[in-house]
Structures are given as C-alpha cells and as structure tokens.
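# Per-entry structural report
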Amino acid sequence: MARKRKQNDKQAISKVVTDDEPEIVLEPTATGTRESNRESGPEIPPEAAVLTVRNMVLFPGTVIPLSVGRAKSLSLIETVLPEKKVIVTVCQKDPDQDDPGVDDLYQIGTAVLVVKLLRVDPDTLSAIVHAIGRVKIDKWTQTEPFFRAEITPIQDTFVPTTKTKALEFNARNLASKVIELSPVIPDEAAMVLSNIEYPGALADFLGANLQLDLNFRQQLLEQHDVAKRLDDVGAAMQKQLEVLELSQDIQNRVRDSIDKSQRRYYLQEQLKEIQKELGQDDDQSIEVEELREKVELAGMPEPVKAEAVKELNRLERIPSASPEYNMIRTYMDWMVELPWSASTPDNLNINRAKRVLNQDHYDLEKVKRRILEYLAVRKLAPHSRGPILCFVGPPGVGKTSLGRSIARALGREFIRMSLGGMRDEAELRGHRRTYIGAMPGRIIQEIKKAGANNPVFMLDELDKVGTDFRGDPTSALLEILDPAQNYSFQDHYLNTPFDLSNVMFIATANYMEPVPAALRDRMEVIELSGYTPGDKMHIAEKYLVPRQLIENGLQKETTVKPAKKGGKRKKTVSLLKWTAPALRTIIRSYTRETGVRELERKIGSVCRAVAAKVASGKAPDNKATTVTAGLVAEILGPPMYISEVALRASSANLTGVVTALAYTPVGGDILFIEAAGYKSSGSDGGLTLTGHIGDVMKESAMAALTVIKSNAEKFSIYPEKIAKTAIHVHVPAGAVPKDGPSAGAAICTALVSMLTGRPVKYRIAMTGEITLRGLILPIGGVKQKVLAAKLAGIKTVILPERNRKDMVDVPAEAREGMKFEFVENIDQVLTIALR
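Analysis parameters
- Residues numbered from 1 in each chain as written.
- Predicted model: local features only at pLDDT ≥ 70, side-chain atom pairs only at ≥ 80, totals over all residues.
- Heavy atoms only, no water.
- Helix = DSSP H or I, 4+ residues; strand = E, 2+ residues; numbered from the N terminus.
- Buried < 20%, exposed > 50% of the residue type's maximum accessible area, 1.4 Å probe, protein only.
- Contact = heavy atoms within 4.5 Å.
- Areas by Shrake-Rupley, 256 points an atom, 1.4 Å probe, with all protein chains shown as cover.
- Pairing = 2+ DSSP bridges.
- Axes fitted to C-alpha atoms, helices over the stretch in contact; angles between N-to-C directions.
- Patch = residues over 30% accessible without salt bridge, like charges linked within 9 Å, V, L, I, M, F, W, Y side chains within 5 Å.
- Salt bridge = Lys/Arg side-chain N within 4 Å of Asp/Glu carboxyl O.
- pLDDT = per-residue confidence, 0-100.
- Parallel < 35°, antiparallel > 145°, perpendicular 65-115°, else oblique.
- Nonpolar A, V, L, I, M, F, W, Y, C, P; charged D, E, K, R; others polar.
- Arc of directions from axis to C-beta.
- Phe/Tyr/Trp six-rings, centres within 6.5 Å; stacked < 30°, edge-to-face > 60°.
- Lys NZ or Arg CZ within 6 Å of the ring centre and 35° of its normal.
- Polar contact = N/O pair within 3.5 Å; in protein donor to acceptor, adjacent residues only side chain to side chain.

### Here we look at the overall build of the protein chain
- For the protein chain, the helix and strand inventory stands at 27 helices and 27 strands.
- In the protein chain, which comprises 835 residues, the proportion classed as buried is 47%.
- For the protein chain, restricting intrachain contacts to residue pairs at least 6 apart in sequence, the fraction spanning at least 24 positions comes to 74%.
- Working note: accessible area of the protein chain is about 41800 Å², and carbon and sulfur atoms make up 51% of it.

### What to know about the sheet that holds strand 14 (residues 524–527)
- The sheet built from five strands is open, its strands ordered 9-10-13-8-14 with parallel pairing. Edge strands, defined here as strands with exactly one partner in the open sheet, are strand 9 (414–418) and strand 14. Neighbour-to-neighbour, the strand axes of this sheet turn through a mean angle of 20 degrees, independent of strand direction.
- On top of the sheet, helix 11 (residues 365–380) reaches strand 8 (389–392), strand 13 (504–509) and strand 14; it is set at about 145 degrees to strand 14, its chief contact.
- With respect to the sheet, helix 12 (residues 399–410) is in contact with strand 8, strand 9, strand 10 (456–460) and strand 13, its orientation differing from that of strand 10 by roughly 175 degrees.

### Brief notes about a nonpolar patch on the surface
- Residues Leu246, Ile250 and Val254 make up a contiguous nonpolar surface patch of about 260 Å² in total accessible area.
- Take Ile250: it is sitting in helix 6 (residues 226–278).
- Ile250 gets classed as partly exposed once you look at its relative accessible area, which sits at 40%.

### Comments concerning unusual backbone geometry
- The linkage connecting Glu144 with the following residue, Pro145, adopts the cis geometry, with an omega of -5 degrees.
- Positive phi is not limited to glycine here, since Glu461 has a value of about 55 degrees.
- Position of Glu461 relative to the elements: it lies in the loop between strand 10 and helix 15 (473–480).
- Glu461 gets classed as partly exposed once you look at its relative accessible area, which sits at 24%.
- The phi dihedral of His692 is positive, around 60 degrees, even though this residue is not glycine.
- Inspection of the secondary structure puts His692 in the loop between strand 21 (687–690) and helix 22 (695–710).
- Assessed through its relative accessible area of 45%, His692 is described here as partly exposed.

### Quick word on the confidence of the model for the protein chain
- Per-residue pLDDT for the protein chain has a mean of 82; in total, 89% of the residues score no lower than 70.
- Low pLDDT, under 50, characterises residues 1–39; the stretch is placed with 96 contacts to residues that sit more than four places away or in other chains.

### So, the packing of helix 3 (residues 188–195) against helix 4 (residues 199–209)
- Two elements in contact, helix 3 and helix 4, have axes separated by 10 Å at closest approach and are oriented at 160 degrees. With respect to each other, helix 3 and helix 4 are oriented roughly antiparallel. Here Ala189, Val192 and Leu193 of helix 3 come into contact with helix 4, specifically with Leu202, Phe205 and Leu206.
- Its residues placed into classes, the contact of helix 3 with helix 4 shows six nonpolar, no polar and no charged.

### Overview of helix 10 (residues 350–360)
- Those residues of helix 10 lying buried are Ala353, Val356 and Leu357. The arc that holds the buried residues of helix 10, viewed along the axis, is 95 degrees, so those residues lie on one side.
- Looking at the buried side of helix 10, the elements it contacts are helix 11 and helix 12.

### Describing the packing of aromatic side chains
- What the rule picks out here adds up to five aromatic pairs.
- A ring pair is formed by Trp340 and Phe498, whose centres lie 5.1 Å apart and whose planes are at 55 degrees; its orientation type is tilted. In this pair, Trp340 sits in the loop between helix 9 (323–337) and helix 10 while Phe498 sits in strand 12 (residues 497–498), placing the two residues 158 residues apart along the sequence. The burial state of Trp340 is the same as that of Phe498; both residues are buried.
- A cation sits over an aromatic face here: Arg433 above Tyr331, 3.8 Å from the ring centre.
- The ring of Trp334 carries Lys448 above its face, with NZ or CZ at 4.0 Å from the centroid.

### Describing the pattern of salt bridges
- The tally for this structure, following the rule as stated, stands at 37 salt bridges.
- Between Asp333 and Arg329 there is a salt bridge; the shortest N-O distance is 3.2 Å. One end of the pair is Asp333 and the other is Arg329, both in helix 9 and four residues apart, which spans about a single turn.
- By relative accessible area, Asp333 is classed as partly exposed at 22%.
- Linking Glu524 and Arg370 is a salt bridge whose minimum nitrogen-to-oxygen distance equals 2.7 Å. Of the two residues, Glu524 sits in strand 14 while Arg370 sits in helix 11, which places them 154 residues apart along the sequence.
- Residue class for Glu524 comes out partly exposed when judged on its relative accessible area of 31%.
- The class of Arg370 is buried, set by a relative accessible area of 18%.
- By sharing partners, the salt bridges in this structure join Arg134, Asp156, Asp204 and Arg229 into a single network.

### Quick look at helix 27 (residues 826–833)
- Looking only at helix 27, the buried set comprises Ile826, Val829, Leu830, Ile832 and Ala833. One side of helix 27 carries all its buried residues, which in axial view fall inside an arc of 165 degrees.
- The backbone nitrogen of Asp827 has a side-chain oxygen 3.1 Å away, supplied by the residue at the start of helix 27, namely Asn825.

### A look at the side chain of Thr767
- Within the secondary structure layout, Thr767 lies in the loop between strand 23 (764–766) and strand 24 (769–770).
- The buried category is assigned to Thr767, whose relative accessible area is 2%.
- Here Lys785 takes part through its side chain, which lies 3.0 Å from a polar atom of the side chain of Thr767.
- With residues near it in sequence (within four places) discarded, Thr767 still touches Leu661, Ser742, Ile779, Lys785, Ile798, Leu799 and Pro800.

Structure follows, in structure tokens:
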C-alpha cells in the first residue's frame, strides 16, 4: 500500500486555524488521565469574556492558534488580557455573519486559557489557546464592545462499565485504522492516541481531529455523557473508514492497472529488440506492413492516402492490447477495402442495351428511351455526370426490377437499398469513430460490397423515409443525390471524402408528395403508370407464366432424337399450358391493381396447385395440363372482384349517386358519391359529410353546395327546399381515408340529382375540381383515373377541358370503347350526366 503524504515538520502538530477556515488539530499534551486531573488546571471563573469563532468547535484538551481580526474580538483581547487569561469561545451558527448577536451563538462553548499572543499584522492577532473545559452560557451580561456572560462549567458523566470499555476499545481500533488510511493525518497522531487514558479525553481528541460536520462537532461538545460521546464518535469514524477503504481500493486497482500496462509495454519493447536481433518480425509489425502494402495498392486519392498513412503510423506505435489498436485496425480495413479507383467498364452498345431492356420489361418506352439517351451521352462524353432518376408509380409496375435491368444493360454492379422506415441520418452517413461499435453508413457499406465505385445504386421507397429526434435522412440525401456535391461525399466514420459522382443513383417512390421539394429538385422524375388489361395479358404470357413454371418445377428438360441422323438433343417441356381465357379471367376477376404483382401471385397459386397434383400422381408428369377459365375458378374459388358498376347496376335509376374517379398512391380508383336529403326541423338544413374524408374534400362539398344555392333557379330547385332539407353526403368504404379537390364536380352532380330527382346516367364517371363560380378546374393522374374507369366498366368519362392535353399519355387500348367528354363548367357536366 502506498505511503500517505505526511507533514514534514513533526513538531508542528497543532495547525493554525483561522476563525474563517477550520483545520485539523492534534494536541499531544491532552492526555487527561482522569477527570479529577482537571481540577489542578486553571480555575474557570463564574463570569468571563466570550470570544465568538466561526467554522470551528474547540474541544477540551486541545491547544490551537486562533486568528483574531474582528473589531469585537480585538477589543476583547486588548481589554481582558493580560489580567484575566481564561476566556470562553463560542461558535456562531451562521459562519457568514460578521457581527453576530446573542441569538446567533450556541449556548455551549469552551473555556480556554490564552497561552500566548502574537502580532501578525497591524489588524490581526494570533492567540494560542489551551481548551480546559466545557461551559454553559447562563446569562449574557454584556454585548458591547465585546460579549461577557455568566457561565457554569459542565462536568463529564462517566460510569466505568463493560459497555464503556467496549466503546473505548472500538473507538481506539477505528481511530488507528483511520490514521493509517487517511493521507492528511500525520503518523504522530497514533502516538498521541496511545497516550490518552481517560475515555472522555479520547472522544474529545477524536472529535477535534476527524473530518466531521460543524453541527456534529457542536453536538459532541454539548454531549456530557462520555459513553454516548464515544458511541457517536465511533459511528462517525465507521462511515469515514468505509469511504477511506473504498478510496484505497480504487487507488490500488488503478495503480495495478497502470503497472500491468507499463510492464506489458516494457516487455513488448524488449521483445521487439530481441526479434530485430534475431531477424524476426512480430505479428503487429507484419500486420502493419501488410496494411501499408494495401494502402499503396488501393488507389486512394492523395489526401485520403495521407490520412491513411497517418493512421497507420499511429497504429504502429500503439500496443496491440490497447482498445485503440483494434479501433484503428478496423478503420484501416475499411479504408483499404473500399473501391477508391476500382470500377466496372460500361457496356455502351446501345442496341444491346435496348435488347436487354425489352427482354426484361414490356412497354415503359419513356424510361427505356431515357436510359438509351444516357448511354449515348456516355459514349460521346465519357466524363459527363450521370443523371439522378426517380421512378414514381404504383406498386407492382416494375420500378425495382427496372433498376436491375439498367445495371445489366450497362454491365454494372447493382445495389438496392430500401429507405422505408429509415429515421436515423447516421444510417446513411455513418457514426463517428468516437462511439463504441461505430461503422460507416449504408452508402459506403454497399459500395464496398459491390467492389466498384460506379454501380447502379437503387434507393427504394424514397417516399417512406421517416424523421425523428435522431435526424432527417432526407437532408443527407440532398448531398448524396446532387451531382455537383457528391464527388466529395464525407462519411462520418471515414472522415475523408469519397467520390460518388460515378454512381448512377435511381430512386423509387409510390407518391411524390412526402418527398421534400429540395430533394425533388435534384432528381429527374419519371412516372410509371399502371398497366391496361392488354398490357397485363402480354406481361403474363411473356414474363410471369414462364417464371412461375420454372419456380414451381413445371418445366423439365427431355432428350429427343431428331428425325434426321445425328446425336440426341435436349428439349424443354412444360407440364402446364395456359390459355388466354384463363389469364383473362385472373386479370378481370381475381386481381384489382395497376401493377402485376398480385397477378403473378395468382398465377403462382394455380401453378402450385397443378404441381401438387403432378407430385401426388393425380396428374400426368409427361403430358401438359391445360389451364382453362374453369380450372382457374376451381383452384382460386369464386371471383374476388366484380365490376363496381355492375355491382351497382340496380342504382342506375336512383338519384343522388355519382361515380367519381380518384388517384391514390397505388394507382387510379373509382369512388361512389352518395347524397341523401330529409326534412329538417330547423330553419337551415345543414350539411353532413361522412366516409373518412379529409379537409380538402369537405371544402369541395361546401363549395358544391354553395354553387347549388347560388344557382338554384337555373338548376330548377326551389330555394325553400334547400333551406328545409338536411343534406347528407357519404363516400362508401368508410374505413379508407379520402381527400383531394377532384371530387368537387361529382359531389355537386350528386346533390343536384338528389334535389331535382333526376337520376345519373348509367356507366358514367367524372372528375374535376369545382369553384364557387361553377368552373371545372384541371386535376392530376388522368391516365391512372382512365385506367381505373376502364377496369370498372365505365363507358363515358367527364374530364376538365384543360386536361385534354393529358390524353396523349393514355394508351389507345384504354381509350378503346370509351367516350370522353371535356367540360369547362358545371352546367355542361349536369347536361351530360343527368337524365
């Protein structure tokens, strides 16, 4: 155990204590063999001058210097001394009070003998006093220019018993341990302790020298029962001893740890020198040299290489057992394994790229054309920056698979990273190395896996990025998806720039509304709308059916012998043959989507059912089973979807029911607007809106009602009827939230139909925003809405006149068999829609 710090001057046992700052006091003369010995000391007078002290309590038997500087204290010393050398010291309750009154002083003090006076400076005296006994203040006789009081000496109460002996023994034992462990108590205290015989003096000695609270010291001074005083002192020493032992244990552990580390370092240095003499290298040196070679071969830019070499030099100087060694080693592994200059050569054959894109995807001409344009630009200007594309469309239209096809056409590596649910910016930028377990962000991780710095990087589900207290990932994407900035992308873990300008980023989203405007501005948005039934038929025949036959084991190779002489050859035979009516039945009756994901699942269900029959012997394994519409119904059950208009054929002659067209994140859809009225008991009928509709749609309904009220005579509606009719507008599928302004024309038509009794024509649908002047404003998602109308069996579609230009995006197949009416105001809508 390390020796504690001792005082150099062994004779200076009593430390100087000012009345502002208490210190530890040891008094070797306070032996006090018996209480009766006190009678031989100076006599305590019945009245004495009182010296106030602060932050200190004087115990009988101690000799201590007092610094006297306050006016009352100086007046007392100059007046009383040297005639009367016995005075009383009393501690004040509030140490911050410069001029305390009698109520600010404790009633129990100590009678002291002034042994010597020393002049420290013109305004300060130092009085060496010897505490001779406890006294009680009976009555204050003077307060100015200093305190005087009538006092009574307090005698100790002491009855020698076995308990008092045990308390005395315990106090001496604890005191010895405290002296041994405390770095501020000198060794001479143990000698003084052994010379004290009287238990009361022992308790006073310990109370004066232990690090105790001022209030606790005062309680010990006021305690005249020696046994109780010993018990209190023992309890205080026990607490202090626990703290000292814990502190000593902590110091020992720290010292042992330092000693082990120093010893290990010393031995490692010796081992290095020995290995050098023998011509051998240690494992750490071998690792460092291997990393140095990898740094040279990694093709890093010069600033990055300089940082890597700097970290490598640090690694060389750190012992391998140090935690920092493993941290730097992991960092160096990332640095040397990243593809700083490794890239895959682009295949710039435009005809081949066109062929690959057509093989993998049907239609999508706009996207294919844009990719071919990119290839042409790369061929003419190899150092040009690539585009940041964003494919927007409903689920199942091939956005993700299109990215994979682009990578195959370019001959690049493909990376897909889903952003759905991402809330922490550090997932993209990484964590700083100060954190335990830190690592680079997903961008750097995926590029390392790809092994090339120019992959096709697909950021999937861009519209589903979250935000919380950990940051906003879309803010990090602003740099990643900006060709003018991403050439120096800085991951927090690497802390060096990495060039992302060669990466072809492609983002996907179902809906662009949640994407921040700043991020949308950095991307070239390409919309992928839904497929028509004819498109789905073609995709199913060319892509989906062959893929499901292979995945379900319904295609096998057989060896056939050709008619002419020659060797045998292998032929692929399908155990399932799909008919066009079967596929058409699935498309119309078992799926209701703009994409083809559910269509592929239904085809897979039929394939699995046939595979189960083949495996169980219920179907031949050498002859193809033909899938008909009847077999589809047998396997998939009753039709899941029937035309919404067909379901509501009975409503053809009802009033107040209008078919509206809507655009959702998953494609187009149709909605039924229902309006009903009943006689109101109030003066104003009012308007009730239900069906989980949003604020914008509610405002459209209120605007439609205002148009009707302001044009009641034109619409052949009595104003009194409107005032006395309570109107209720409902949009079915109440559990599905709905919003947007494009249902305004449909709501107005439903209200007019209900109020006039004129039914809406059958198989007619409409969309358009209405104004208070009755104008029909343009809307978005025309293609998706027309496709939804086609699937629902609608024959006539009413569209705003200003959306006529958007019809060029609607496929000819979707327009076939449908009539489109373009209107500018509500009057034209009512003329076309109502009977």
